[in-house]
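The residues making up each chain are set out below.
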Amino acid sequence: MTSDTLDSAHILDELVGMSRAIGAPEQDCALLGEGNSSARVDDETFFVKASGACLATADANGFVRVRCDAVLDLLHTEGLDDAEMTRRLEAARFDAAATRRPSVETTFHAVLLSQPGVRFIGHSHPTPVNALLCSKGAPNLFAGRLFPDEIVCCGPEPVWVPYTDPGAPLALAIQERVEAYRDRWGTPPRVILMQNHGLIALGGTPAEVLSATFMMVKTARVLLGSLAAGGPRFMSEASVSRIHKRPDEHYRQKVLRGEA
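We now turn to the structure provided with this report. Keep in mind the model is a prediction, meaning the values are calculated, not measured. (Residues numbered from 1 in each chain as written. Predicted model: local features only at pLDDT ≥ 70, side-chain atom pairs only at ≥ 80, totals over all residues. Heavy atoms only, no water.)

## Concerning the side chain of Thr-213
Along the chain, Thr-213 turns up in helix 9 (residues 206–227). Taking the relative accessible area as the measure of exposure, Thr-213 reaches 0% and is therefore buried. Among the polar contacts made by the side chain of Thr-213, one reaches the main-chain carbonyl oxygen of Val-209 at a distance of 2.9 Å. When residues no more than four places from it in sequence are discounted, the contact partners of Thr-213 are Ile-22, Cys-29, Ser-124, Leu-199 and Ala-201. (Helix = DSSP H or I, 4+ residues; strand = E, 2+ residues; numbered from the N terminus. Buried < 20%, exposed > 50% of the residue type's maximum accessible area, 1.4 Å probe, protein only. Polar contact = N/O pair within 3.5 Å; in protein donor to acceptor, adjacent residues only side chain to side chain. Contact = heavy atoms within 4.5 Å.)

Following this line, the structure appears as structure tokens:
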């Protein structure tokens, strides 16, 4: 067995474990075939959930290894209808003998796994988060941070993406807003919120993705509770920046990533 085979098998095992944790019924983050996940294998390929596979019962057969460049090329090819997009995604499979079809959202995974330090991605539709993302006041409700652990696990602010058709249009919208976030903060985001759609958590490890996902669910519950008690009181920008830059909080982030 080659080194690449061993490494890719280990990464796939980590991805399966992360996916099952997100899809666990008690987490209420994904039902049936909702959501998807991915992991970068190397500079050229990544695993992504197969279309129709369930996060809760994920196993190695529920993921497809695809070539990143072939997927990214789809973002710059005009005039692709749904059928042609599906064909091109199938053609991007690393193993020509593979039969499972990559998720329609493979394009945004390719964009995000190209960001520095990002190796794992979990996309889900948590009920408390979507309750807010589907509300009229959604952009304003996520305009600030509420408590320190939210900043530690989810970053100083989320990336906000208005509703966009899944596939290449959504991937391009995410790419534009992620680049703006990096210009502002110097790093990729930890959390992306998509209006009327769901949550994306990014990380260097599965633990980092899980901490961002579950803390964002707690944030949504806190927000829902605050709306019943007069509305949210956001932390000041100075306080958010202070937590974001504190050395002790950076250490906690390393612990959450499994690096300390």
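That shown, we press on.
## Things to note about the packing of helix 4 (residues 106–113) against helix 8 (residues 168–185)
Packing of helix 4 against helix 8 brings their axes to within 7 Å, and their N-to-C directions diverge by 25 degrees. Looking at the two axes, helix 4 sits roughly parallel to helix 8. As for how helix 4 packs across helix 8, the hand of that crossing is right-handed. When helix 4 is examined against helix 8, the residues Thr-107, Phe-108, Val-111 and Leu-112 are found in contact with a partner set consisting of Ala-168, Leu-170, Ala-171, Ile-174, Gln-175 and Val-178. (Axes fitted to C-alpha atoms, helices over the stretch in contact; angles between N-to-C directions. Parallel < 35°, antiparallel > 145°, perpendicular 65-115°, else oblique. Left-handed = near helix turned anticlockwise from the far one by under 90°.)

## Comments concerning the pairing of strand 7 (residues 198–203)
Of all six residues in strand 7, six are buried, a share of seventy percent or more. Where strand 4 (residues 120–124) meets strand 7, five bridges bridge the pair, whose relative direction is antiparallel. Along strand 7, the bridge assignment pairs Phe-120 with Gly-203. Sheet analysis places strand 6 (residues 191–194) next to strand 7, joined by four bridges and oriented antiparallel. When the sheet's bridge partners are listed, Ile-192 is paired in strand 7 with Ile-200. Between the antiparallel neighbours strand 6 and strand 7 lie three residues, among them Asn-196 with a positive phi of about 55 degrees. (Pairing = 2+ DSSP bridges.)

That is the geometry; function is a separate question.
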